[in-house]
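# Per-entry structural report
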Amino acid sequence: MGLFRDTVIQLSENKTLNDLTKQMGLKFGARKFVGGVDTEEAIETFKSINADGMSVTFDNLGEFITDTMDATYEKDLILEMIKAIDEHKVNAHCSVKLTQIGLDIDYEFCKTNFREILEAAKQVGIFVNIDMESYRVYDATMRMLDEMLEEFDNVGTVLQSYLFDSEEDVIKHKDERVRIVKGAYKEDPSVALQERESIDIAFEELIKKHLTEGTGFTSIATHDHNIIYNIMDFVERENIDKDTFEFQMLYGFRYDLAKQIVKKGYSMCIYVPYGNDWYAYFMRRIAERPQNVNLLVKDLMDNPAVKAGTITAGGLVVLGIISSIVKMFRK
Ligand SMILES: Cc1cc2nc3c(=O)[nH]c(=O)nc-3n(C[C@H](O)[C@H](O)[C@H](O)COP(=O)(O)OP(=O)(O)OC[C@H]3O[C@@H](n4cnc5c(N)ncnc54)[C@H](O)[C@@H]3O)c2cc1C
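Residues numbered from 1 in each chain as written. Predicted model: local features only at pLDDT ≥ 70, side-chain atom pairs only at ≥ 80, totals over all residues.

### Considering the environment of Phe164
- Tracing the sequence through the fold places Phe164 in the loop between strand 4 (155-160) and helix 7 (166-172).
- A count of 12 C-beta atoms within 10 Å places Phe164 in the exposed class.
- If near-sequence neighbours (up to four positions away) are discounted, Phe164 is found in contact with Val191 and Ala192. (Helix = DSSP H or I, 4+ residues; strand = E, 2+ residues; numbered from the N terminus. Buried ≥ 20, exposed ≤ 12 C-beta atoms within 10 Å, placed from the backbone. Contact = placed C-beta atoms within 7 Å.)

### Some remarks on the sheet that holds strand 1 (residues 55-60)
- The strand order around the closed barrel formed by eight strands is 1-2-3-4-5-6-7-8, and the pairing between neighbours is parallel. Ignoring which end each strand starts from, the neighbouring axes of this sheet average 30° apart.
- Across four bridges, the pairing between strand 4 and strand 5 (residues 178-181) is parallel. When the bridges of strand 5 are listed, Gln160 appears paired with Val181. (Pairing = 2+ DSSP bridges. Axes fitted to C-alpha atoms, helices over the stretch in contact; angles between N-to-C directions.)

### Overview of the UniProt feature "binding site: FAD" (unreviewed entry) in the protein
- Per the UniProt entry, the sites bearing "binding site: FAD" (unreviewed entry) are Met132, Gln160, Lys182, Gly183, Ala184, Thr222 and His223 in this numbering.
- Examined against the element boundaries, Met132 turns out to sit in the loop between strand 3 (128-130) and helix 6 (138-149).
- Structurally, Thr222 can be placed in the loop between strand 6 (218-221) and helix 9 (225-237).
- Excluding residues within four positions of it along the chain, Thr222 makes contact with Val181, Lys182, Ile227 and Ile228. (UniProt positions renumbered as here; feature names shortened; annotations may be inferred.)

### Description of the pairing of strand 7 (residues 245-250)
- In terms of burial, strand 7 is largely enclosed, as six of its six residues are buried.
- Across the two faces of strand 7 the burial is the same, with Phe245, Phe247 and Met249 and Glu246, Gln248 and Leu250 all buried.
- Here strand 6 runs beside strand 7; their pairing, made up of four bridges, is parallel. Following the sheet pairing, Thr218 is matched in strand 7 by Phe245.
- In terms of handedness, the path from strand 6 via helix 9 over to strand 7 forms a crossover that is right-handed.
- Between the parallel elements strand 7 and strand 8 (residues 268-274), the chain passes through helix 10 (residues 255-263) in a crossover that is right-handed. (Right-handed = clockwise from strand over helix to strand, strands pointing away.)

### Structural notes on the pairing of strand 4
- In terms of residue burial, strand 4 counts as a mostly covered element, since six of its six residues are buried.
- Where strand 3 and strand 4 come together, three bridges link them in parallel fashion. Directly across from Val128, in strand 4, lies its bridge partner Val155.
- For the crossover that starts at strand 4, traverses helix 7 and ends in the parallel strand 5, the hand is right-handed.

Below, the structure is given as structure tokens:
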């Protein structure tokens, strides 16, 4: 399965495929994981999640941003969503990928954009989480967090349990709000654990440390029921206040389990991506759970253009890639 994961993650980093799929709308099963194509649709999704007793963290989809105009456009979309959250009084906060607002273009340009987001969010009492991307941007992301923490109290980030650095980071950030995850990118053995079992052990250890060492709020982001139940036992045993942490899951994953967790009296936050730029996000979800390929196949079979034989050239390329993935998975 390592080869499968590596191949799909490599495909997720292909800008040409990303550009092709962007023009196609929410296709190939992506709608199951994406909460709408624009602010308006996404707000309706947030409302229905709130109605089930859960909060939301939103992610304006958009990767491979290398142009200042695109980065400014994406920043404006995030500002638009912050305004809409305030207007509609939905329970939602912000997740931001720094590369989307210019980290790959110029650090200071990105910082100006990010400061604008933090200011707008602070004015209406919204927290902003910096998503952690690949290790390539790890140092710049941590530097941005440290600098913004000097000016704002509504900012936090993500620690990935596969990274060796996280053991120290969890102590450094014990008094801040942190999301803890296993990690979704392909990283070099010199910087990250490679074996699933050791990543899981490190994951539980990081969560327990952050829950017990400082005063920072802990977001435990996973669909792994074993780890969720272990943490529930731990917090009961240690008498940890349920207001000091929450569980988080991605939109479209294990919603029944999320509802059960809420019924037990725990807080649950759903991470909702929205927008047309779904390709890289969706491919990472397939990499970590190959069963999601079945969604692609089903959607393809139901696709009117495929049925009528009128699929575009771009669609054909994507179809070719997807059928190779399906073949690999079924071997
Ligand atoms: C809210 C949220 C935010 C995230 N943010 C980031 C981020 O900023 N940076 C980053 O690198 N990564 C992020 N991730 C992704 C994360 O790093 C993992 O790649 C991803 O969550 C998969 O790991 P897992 O812990 O869910 O469990 P996995 O290791 O994928 O699964 C463990 C076990 O759980 C069960 N399971 C898992 N999913 C399902 C399912 N759908 N149905 C049935 N059983 C299932 C299976 O038994 C499986 O073997 C985020 C994840 C979440 C949930």
